[in-house]
Amino acid sequence: MARTKTCLAGLKKGLAVLIRSLFLALASFFTPRILWLTIKPILLIGAIWAVVIFFIWEAALIFIVQLMTQSSLGSWLNSAVSQTSLQEWRAVMAPLLLMVCLIPLIGISLLIYISLTTVPQVISYLSRRQRFQSLISHQEGGLVKSLWETVKVTLIALIVLLLSFPLWWFPPLVAVIPPLIWGWLTMRLMSFDVLAQHANDAERLLLISNQRKSLWLMGILCGLLGALPTFFWASSVLTFVFFPIVSIFVLWIYSCVFIFSSLWFAYYLLEELQNLRQSQGIQIHG
């Protein structure tokens, strides 16, 4: 009975921290400083992908058409489409396939850029606020560790995306698989980068282990938000006609989701870091 009460008290406390950090993240997101940070990444990443798409679009479409008409994979895909409610998309299947391939790459490149450049700015912004102003910083993360973690988890996510791609054409699974992958990737990247400045390696590993369920929940919810632009792409054939305008808007949505995620993870993990140090009798503030 005592153990049950202790578990329920711990669960209630963890849920309170989770909800409080969510509302704090929402309040911080709509400040001018953070809104500007949502725009900066798309200026660079948008320009890079605009150039890439301009040069590869026609050749990529030709390759996909040949793949669909001359390969067993194309025959399987046509058969799969015929058995679903996507027959009306057959006429635009080649550009749709190209966009489906490009969207995860664009999203991941934006997430990497935000993880390496924007998240540290978010943490610096929060560190100047009263809640975390005096939290001791160990500075054990570093750019090299952050870059290695980013490359490692991104490669894993890309491999899983590639292996799961054939399943995306079945309506129930397309609503489940991408959010799970985005959720895992967001959880791993944000958990590392948010704690890189303030926590030492032992604290970071312990926090991620102790809060794994909460971090997974946050990651999946952020993954669902990150999957929204994907469904927006497929909502209308007009997205092909207004591709340049739509792509900029969708990039901004991605940027907003990723930066909101960094705020949520930051508020949650930094508060849990304070609680961890307090429970261990470690000095919390400098």
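Relevant structure appears above.
Attention in this report is confined to the structure presented alongside it. (Residues numbered from 1 in each chain as written. Predicted model: local features only at pLDDT ≥ 70, side-chain atom pairs only at ≥ 80, totals over all residues. Heavy atoms only, no water.)

Judged by nonpolar contacts, the single largest core of 73 residues is most densely connected at Leu126, Leu185, Leu215, Phe258 and Phe265. Breaking this core down by element, the ones donating at least two residues are α1 (2-29), α2 (32-70), α4 (93-127), α5 (142-164), α7 (177-195), α8 (201-210), α9 (212-233) and α11 (243-279). Here this core gets 19 residues from one element, more than from any other, and that element is α11. Filtering out sequence-adjacent residues up to four positions away, Phe258 remains in contact with Gly107, Leu110, Leu111, Ile114, Trp182 and Met190. (Core = buried A, V, L, I, M, F, W, Y, C linked by side-chain atoms within 4.5 Å. Buried < 20%, exposed > 50% of the residue type's maximum accessible area, 1.4 Å probe, protein only. Helix = DSSP H or I, 4+ residues; strand = E, 2+ residues; numbered from the N terminus. Contact = heavy atoms within 4.5 Å.)

Across its 35 residues, α4 extends 48 Å between first and last C-alpha, which sits within 8% of the 51 Å expected from 1.5 Å per residue. Along its length, α4 reaches its greatest deviation from straightness, about 45 degrees, at Ser115. Taken across its 35 residues, α4 has 26 buried, putting it largely inside the fold. (Expected span 1.5 Å × (residues − 1). Bend = angle between axes of the 7 residues up to and from the residue.)

We now examine the environment of Met99. Note on placement: Met99 falls in helix α4. The class for Met99 is buried, based on a relative accessible area of 3%. For Met99 and Trp57, which are 42 residues apart along the polypeptide, the C-alpha to C-alpha distance reads 9.9 Å.

This part covers α7. With 19 residues, α7 extends 27 Å between its outermost C-alpha atoms, agreeing within 8% with the 27 Å of an ideal straight helix rising 1.5 Å per residue. Buried residues dominate α7, accounting for 17 of its 19 residues.

Before going further, it helps to spend a moment on the environment of Asn200. Position of Asn200 among the secondary structure elements: in the loop between α7 and α8. For the pair Asn200 and Ser137, spaced 63 residues apart in sequence, the C-alpha separation works out to 8.4 Å. A polar contact is formed between the side chain of Asn200 and the backbone nitrogen of Ala202, at a distance of 3.2 Å. (Polar contact = N/O pair within 3.5 Å; in protein donor to acceptor, adjacent residues only side chain to side chain.)

Applying the stated criterion to the full structure yields 6 salt bridges. Between Glu149 and Arg188 there is a salt bridge, with the nearest N and O atoms lying 2.9 Å from each other. Highlighted residues: Glu149 in helix α5 and Arg188 in helix α7, separated in sequence by 39 residues. Overall, Glu149 belongs to the buried group, its relative accessible area being 10%. (Salt bridge = Lys/Arg side-chain N within 4 Å of Asp/Glu carboxyl O.)

Here the focus is the packing of α4 against α7. Packing of α4 against α7 leaves a shortest axis separation of 10 Å and a crossing angle of 25 degrees. Considered as vectors, α4 and α7 are oriented roughly parallel to each other. Considering how the two elements wind past one another, α4 and α7 form a crossing that is right-handed. Together, Pro104, Gly107, Ile108, Leu111, Ser115, Val119 and Ile123 of α4 and Trp182, Leu185, Leu189, Met190, Asp193 and Val194 of α7 make up the contact between the two elements. Considering only residue class, the contact of α4 with α7 consists of 10 nonpolar, 2 polar and 1 charged. (Axes fitted to C-alpha atoms, helices over the stretch in contact; angles between N-to-C directions. Parallel < 35°, antiparallel > 145°, perpendicular 65-115°, else oblique. Left-handed = near helix turned anticlockwise from the far one by under 90°. Nonpolar A, V, L, I, M, F, W, Y, C, P; charged D, E, K, R; others polar.)

Everything listed here is a matter of coordinates, which is why it stays silent on function.
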